[in-house]
Structures are given as C-alpha cells and as structure tokens.
Amino acid sequence: SLASMRMDDVAFRYTRRGPWILRDVSLSLPPGRITEVTGHNGVGKSTLLRLVAGLRSPRRGRITGRPRHVGYAPERFPVGQPFTARSYLSHMAAVRRVPVSTIDDLADRLRFGHVLDVRLSEMSKGSAHKIGLAQAFLAGPGLLVLDEPFAGLDAETRGALPDLLAELAAEGATVVLSDHQRCLDGRPDVHRVRVADGTVHPVT
C-alpha cells in the first residue's frame, strides 16, 4: 500500500520576518481520500494548498510522501496564452504521457468541448476555469490539488465534478481541495479540515 503524504509541524510565512500565515500544521493526507479544506477568506487556505502541491516550501516542519505527479488548479487559471485549449491540453498530455483521448473524455465530462478550438486568451472566465481543471486532471496525478474548483462553474459541470474526484480517489490518488460553494456537502467520502487561527483543525 502507498504511504500517506504527511505534513508535520509545518509553519509558513512569506518573508523571513513576516507574520506566520500557518503554524503547527500536522495533517495526514492518505491515498484514496478526498480532503476538503474549509475556513473563512484570508485565513491561509490557498497558502496551505500551495504547500500541499509543492509550489511553496515550509519555513519549518516537513512535508513527506508527496506523490510524484501533482495536478494543481489555482482559483484563477492564467489565460494570457496564445494557444487554443486543444493545443495547450495536447501539449500537457504529451509532457505527461497521457493518451490524447483523455482530453476528449474530460471535455465531455467537464463540458468544454465547444471551446477546444478557442484561444485561452479569448475565453470566458468559466471556460478558462474548466481548462485549468482539465490540465490538473491531465497530470495523471497521484496528488490532485484544486483551489475553489466549483467557483464559476455552470450547474451541470458542478454536478459532474464530484464524481470525477471520487473516481480519481478510488484509483488511489490523494485529492485536496477548497470549496466555498459547498458542493461536496453531504458526501460521506469527504474528509474535512478547517483552517483557523493560523493552523488546521479536524472537523468532526
């Protein structure tokens, strides 16, 4: 069985003398589990997700057992890129050695087939957000980290995304996300933690 990814006594601040954003964070992120990070705006949820994804390094403590392939989708996907969605995602698929057919499958399920040949820079915010989600899934991730993935999604796609997450978790991936929209409420397979007072608390 795969070892759990762990955060042990992790603390983070952006500058050497700046305020601690997070401290004393200890968290187990086992494979096959969806962990939802809750908490008010500005408490450090996005920072926590960046630490989990490996985009930031802790100032103290350590993070161990991070799967090799990480898919990450920020809250706002950077769209100032000259490619069409299809050429961008095809490039990602090639880099990750994922079959190109995966793109069509994701386009079908996340409902962005109609914008595959549109340039990223010309997309609506909602469509760009879907491409951001698709590139994270395309990483063939052992770890999937999504920052507010449900924000700005149409109702149909919002309804389809939880099943995609559950399927990935069932394949043994570690899934970590924040969700203001409460789209995962009532799902028994979701483990919740809350960021408050600069640290992470279990939600019982």
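Everything quoted here is computed from the prediction, not taken from an experiment.

**Q** Mind laying out the pattern of salt bridges, listing which residues take part and the relevant values?
**A** This structure, assessed with the given rule, holds 10 salt bridges. Note that Glu148 and Lys45 form a salt bridge whose closest N and O atoms lie 4.0 Å from each other. With a gap of 103 residues between them, Glu148 in the loop between β6 (143-146) and α5 (155-170) and Lys45 in helix α1 (residues 45-53) connect regions that are remote in the sequence. For the residue pair Glu148 and Lys45, the accessibility class agrees, reading buried in each case. One salt-bridge network, in which partners are shared between bridges, spans Asp163, Arg187 and Asp189.

**Q** Explain the sheet that holds strand β7 (residues 174-178) residue by residue, including any values.
**A** The 6 strands lie next to each other as β5-β6-β7-β3-β8-β9, forming an open sheet whose pairing is mixed. Whereas interior strands pair on both sides, the edge strands pair on one side only; in this sheet they are β5 (70-73) and β9 (199-202). Ignoring which end each strand starts from, the neighbouring axes of this sheet average 20° apart. For β6 and β7, the ladder comprises 4 bridges, and the chain directions are parallel. The residue of β7 that forms the bridge with Leu146 is Leu177. Along the sheet face, α1 touches β3 (34-38), β5, β6, β7, β8 (190-196) and β9 and points at about 160° away from the line of β6.

**Q** For unusual backbone geometry, give the residues involved together with the corresponding values.
**A** At Arg97, a residue that is not glycine, the phi angle is positive and equals roughly 55°. Here Arg97 shows up in the loop between α2 (85-95) and α3 (101-109). Taking the relative accessible area as the measure of exposure, Arg97 reaches 75% and is therefore exposed. If you check the backbone angles, Asp197 has positive phi at about 50° while not being a glycine. Within the secondary structure, Asp197 is located in the loop between β8 and β9. We classify Asp197 as exposed; its relative accessible area is 61%.

**Q** Go over the pairing of strand β1 (residues 5-12) with me, naming the residues and quoting the values.
**A** The side chains of a regular strand alternate, first on one face of the sheet and then on the other. Inspection of the sheet shows β1 paired to strand β2 (residues 22-29) by 5 bridges, in the antiparallel sense. In the sheet register, Arg6 faces β2, and the bridge partner there is Ser28.

**Q** Could you give an account of a positive patch on the surface, with specific residues and numbers?
**A** On the surface, Arg16, Arg17, Arg56 and Arg59 cluster together into a positively charged patch. Assignment of secondary structure puts Arg56 in the loop between α1 and β4 (60-64). Of the residues examined, Arg56 reaches a relative accessible area of 36% and is grouped as partly exposed.

**Q** Can you break down the sheet that holds β1 residue by residue, with the values?
**A** Spatial ordering of the open sheet is given by β2-β1-β4, a layout of 3 strands whose pairing is antiparallel. In the strand order of this sheet, the two ends are held by β2 and β4, each with one partner. Looking at each pair of strands side by side, their axes are set apart by 15° on average, direction ignored. Of the strands in this sheet, β1, β2 and β4 touch α1, which is tilted by about 130° from β1.

**Q** Describe the pairing of β3, with residues and values.
**A** Most of β3 sits inside the fold, with 4 of its 5 residues counted as buried. Here β3 runs beside β7; their pairing, made up of 4 bridges, is parallel. Bridge pairing links Ile34 to Val175 in β7. In terms of strand pairing, β3 meets β8 through 5 bridges, oriented parallel.

**Q** Report on the packing of aromatic side chains, specifying residues and quantitative values.
**A** Evaluation of the coordinates by the stated rule reveals 2 aromatic pairs. Here the aromatic rings of Phe12 and Tyr14 are separated by 4.7 Å at their centres, their planes lie at 90°, and the arrangement is edge-to-face. Looking at Phe12, the relative accessible area reads 3%, which means it is buried. Accessibility expressed as a relative area gives 34% for Tyr14, which makes it partly exposed. Relative to Tyr88, the ring of Phe77 lies with its centre 5.8 Å away and its plane at 55°, an arrangement referred to as tilted.

So, how was this worked out
- Per chain, residue numbering runs from 1 following the sequence as it is written.
- Per-residue local features are limited, in this predicted model, to residues with pLDDT of at least 70; the limit for side-chain atom pairs, both in listing and counting, is 80 or more; totals at the level of whole chains, interfaces and linings are taken over all residues.
- Side-chain measures here rest on the full set of heavy atoms in the structure, leaving out hydrogens and waters.
- Each reported salt bridge corresponds to a side-chain nitrogen of Lys or Arg within 4 Å of a carboxyl oxygen of Asp or Glu.
- Each helix is a run of H or I in the DSSP string that is no shorter than four residues. Each strand is a run of E no shorter than two, and both are numbered from the N terminus.
- The cut-offs for exposure are 20% and 50% of the maximum accessible area for each residue type, with area from a 1.4 Å probe on protein chains only; residues under the lower value are buried, those over the upper are exposed, and the others partly exposed.
- In short, DSSP must find at least two bridges between two strands for them to pair.
- Here the axes come from fitting lines to C-alpha atoms, over the contacting stretch only for helices, and the angles between their N-to-C directions go from 0 to 180 degrees.
- Residue contacts follow a heavy-atom distance rule, with two residues in contact if any of their heavy atoms lie within 4.5 Å.
- Distance thresholds for patches are 9 Å for like charges and 5 Å for nonpolar side chains (Val, Leu, Ile, Met, Phe, Trp, Tyr), applied to residues having over 30% relative accessible area and no salt bridge.
- Note that accessible areas follow from Shrake-Rupley with a 1.4 Å probe, and for residues the cover is restricted to the protein chains shown.
- Two residue types count as positive, namely Lys and Arg, and two as negative, namely Asp and Glu; His and chain ends fall outside the count.
- Here the site of a charge means NZ on Lys, CZ on Arg, CG on Asp, or CD on Glu.
- Think of it this way: a Phe, Tyr or Trp ring, Trp meaning its six-membered ring, pairs with another when their centres are within 6.5 Å, and the plane angle makes it stacked under 30 degrees, edge-to-face over 60, tilted otherwise.

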